[in-house]
Amino acid sequence: MAGHYPSDHLTSRNLGLDFGPLMFSVYINDLVTLLKRYNVRIELFADDVKLYTKVVSYLDINELQTALTALVSWAEMWQLSISIDKCGLLSLVKIFSWHI
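Here goes a summary of the coordinates provided. Not measured: the values here are computed from a predicted model.

Reading the values: rules and limits
Residues numbered from 1 in each chain as written. Predicted model: local features only at pLDDT ≥ 70, side-chain atom pairs only at ≥ 80, totals over all residues. Heavy atoms only, no water. Patch = residues over 30% accessible without salt bridge, like charges linked within 9 Å, V, L, I, M, F, W, Y side chains within 5 Å. Areas by Shrake-Rupley, 256 points an atom, 1.4 Å probe, with all protein chains shown as cover. Salt bridge = Lys/Arg side-chain N within 4 Å of Asp/Glu carboxyl O. Helix = DSSP H or I, 4+ residues; strand = E, 2+ residues; numbered from the N terminus. Core = buried A, V, L, I, M, F, W, Y, C linked by side-chain atoms within 4.5 Å. Buried < 20%, exposed > 50% of the residue type's maximum accessible area, 1.4 Å probe, protein only. Contact = heavy atoms within 4.5 Å. 1 Å grid on protein atoms, 1.4 Å probe; cavity = no way out; pocket = protein on both sides within 12 Å on 5 of 7 lines; lining within 4 Å. Points joined across faces, edges and corners; volume = space filled by probe spheres on them. Nonpolar A, V, L, I, M, F, W, Y, C, P; charged D, E, K, R; others polar. Lys, Arg positive; Asp, Glu negative; His and termini not counted.

## As for a nonpolar patch on the surface
Side chains of V55, Y58 and I61 sit close together on the surface and give an oily, nonpolar patch of about 340 Å² of accessible area. With respect to the helices and strands, the residue Y58 is situated in helix α2 (residues 58–77).

## Observations concerning the nonpolar core
Counting residues in each nonpolar core, the largest one holds 12 residues, listed as I28, L31, L34, L35, Y38, V40, L51, A67, A70, L71, W74 and A75. When contributions to this core are tallied by element, the ones reaching two or more residues are α1 (20–35) and α2. Looking at this core, the element that brings in the most residues is α2, giving five residues. What V40 contacts, discounting residues up to four positions off in sequence, is L35, L51, Y52, T53, L64 and A67.

## Notes on the environment of V32
Along the chain, V32 turns up in helix α1. For the pair formed by V32 and L71, sequence separation is 39 residues and the distance between their alpha carbons is 9.8 Å. Once you skip the residues sitting within four places of it in the chain, V32 turns out to touch I42 and L44.

## A closer look at the layout of surface pockets
Of the voids in this model, the largest pocket is the one considered here, and its volume is about 1,500 Å³. Lining the largest pocket are 35 residues, with V49, K50, L51, L68 and G88 positioned closest to its centre. Of all the secondary structure elements, the ones that give two or more residues to the lining of the largest pocket are α1, β2 (48–52) and α2. Looking at the lining of the largest pocket, the element that brings in the most residues is α2, giving nine residues. Considering only residue class, the lining of the largest pocket consists of 23 nonpolar, seven polar and five charged.

## Some points on the side chain of D60
By secondary structure assignment, the location of D60 is in helix α2. Of the side chains with opposite charge, K54 comes closest to the buried, unpaired D60, at an N-O distance of 8.5 Å. Setting aside residues up to four positions removed in sequence, D60 forms contacts with N39, T53, K54 and V55.

Quick look at the structure:
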């Protein structure tokens, strides 16, 4: 092809390079850094993120909500979607029984 250079046709796909996993690592590390500001625990597996905390007061509830709000803002900034259908809430309570 006269007048065409190989670089005219090179893309990351043509070279066999896939930056997807690298970019995901950059995204997810940024999220972990952001969420460490809040009093929540973070668990990651593939592209799933779990936030949880022990709630003993309304302050804990507010902190969890603030972390969730930060997560939504982060996702919007990076133009990532959150699968609301996959979101859930698990509440574990310890029930005390008083036997006399």
